[in-house]
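# Residue-level structure breakdown
Now for the letters of each chain:
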Amino acid sequence: LYQKMGQALQASGRPIVYSLCQYGEAKVWRWGADAGGNLWRVSSDVYDTWESIHYIGFGLGELAGFARPGHWNDFDYLMVGLGNLSDDEYRTQMTQWCMHASPLITSVDPRRLTALEQSILLNKELIAVDQDTRGIPARRVAQRGKTEIWMRPVSGGYAAALYNLGEA
């Protein structure tokens with residue numbers, strides 16, 4: 001059915017973004033682009049909990065090889081502004097989603113965001129990494145204990161993120 005819909009959208013002659021929502025079932029990242037999809041959910045819903053963000057953002061890094069310009073792994077909504085996590089945890093989610101080249105989608109009411117939450121969601125440097133034209137997602141290049149380094153090729157060089165996932 002996804003293939004038929006993809007063909008129908010293509011035949012319309014209109015520019016349409018086609019998002020496939022399989023919640024990560026049936027390894028949609030392997031066939032989503034061939035079905036005409038521009039993005040596909042890689043997991044069940046993300047929740048405003050550190051466990052959920054950690055699992056999706058750090059546990060699904062092996063999917064990097066399936067994304068490319070026009071075809072994206074969708075890590076689900078940004079939780080920034082919902083209020084259950086610390087500012088650092090929200091910064092971590094925003095950074096990791098951008099390193100993954102995931103679509104940046106939020107459902108929070110922007111009128112209710114604090115100045116700090118706005119600064120996280122509107123960070124021009126991170127958004128530039130997310131939307132880099134090369135479209136190559138990051139990969140984990142080092143891990144020692146609770147620290148991880150992720151790198152992503154971008155136009156003119158690399159973007160790198162160092163994460164301290166520990167309590168200290």
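Notes on the structure follow.

The rules we used
- Residues numbered from 1 in each chain as written.
- Predicted model: local features only at pLDDT ≥ 70, side-chain atom pairs only at ≥ 80, totals over all residues.
- Heavy atoms only, no water.
- Helix = DSSP H or I, 4+ residues; strand = E, 2+ residues; numbered from the N terminus.
- Rg over C-alpha atoms; globule rule 2.2 N^0.38 Å.
- Buried < 20%, exposed > 50% of the residue type's maximum accessible area, 1.4 Å probe, protein only.
- Salt bridge = Lys/Arg side-chain N within 4 Å of Asp/Glu carboxyl O.
- Phe/Tyr/Trp six-rings, centres within 6.5 Å; stacked < 30°, edge-to-face > 60°.
- Core = buried A, V, L, I, M, F, W, Y, C linked by side-chain atoms within 4.5 Å.
- Contact = heavy atoms within 4.5 Å.

### Digging into the overall build of the chain
The number of helices and strands found in the chain is six helices and six strands. Secondary structure of the chain in N-to-C order comes out as α-β-α-β-α-β-α-α-α-β-β-β. Here the chain has a C-alpha radius of gyration of 16 Å; the compact-globule value for 168 residues is 15 Å, and the two agree. Overall, the C-alpha framework of the chain stretches about 55 × 40 × 30 Å when taken along its three principal axes. Across the 168 residues that make up the chain, the buried fraction comes to 43%.

### A look at the pattern of salt bridges
Per the counting criterion, the structure on display carries six salt bridges. The residue Asp 45 makes a salt bridge to Arg 41 at a minimum N-O spacing of 3.0 Å. Since its relative accessible area comes to 34%, Asp 45 is described here as partly exposed. Notably, a salt bridge pairs Arg 111 with Asp 109, separated by 2.8 Å at the nearest N-O pair. A relative accessible area of 22% places Asp 109 in the partly exposed class.

### Overview of the packing of aromatic side chains
Within the structure shown, the criterion is met by four aromatic pairs. Ring geometry for Phe 58 versus Trp 150: centroids 6.0 Å apart, planes at 75°, classification edge-to-face. With a gap of 92 residues between them, Phe 58 in helix 3 (residues 50–59) and Trp 150 in strand 5 (residues 147–154) connect regions that are remote in the sequence. Each member of the pair, Phe 58 as well as Trp 150, carries the same accessibility label: buried. Grouped by ring-pair contacts, the aromatic residues Phe 58, Trp 150 and Tyr 163 constitute a single cluster.

### Here we look at the nonpolar core
By size, the foremost hydrophobic cluster in this structure holds 27 residues, and its most contacted members are Trp 40, Val 42, Met 94, Trp 97 and Leu 121. Elements represented by at least two residues in this core include exactly helix 2 (28–31), helix 3, helix 4 (87–99) and helix 5 (115–121). No other element matches the four residues that helix 4 contributes to this core. The residues touching Trp 97, leaving out its near neighbours within four places in the chain, are Val 46, Ile 53, Ile 56, Gly 57, Phe 75, Asp 76, Tyr 77, Leu 78, Ser 102, Pro 103, Leu 104 and Asp 130.

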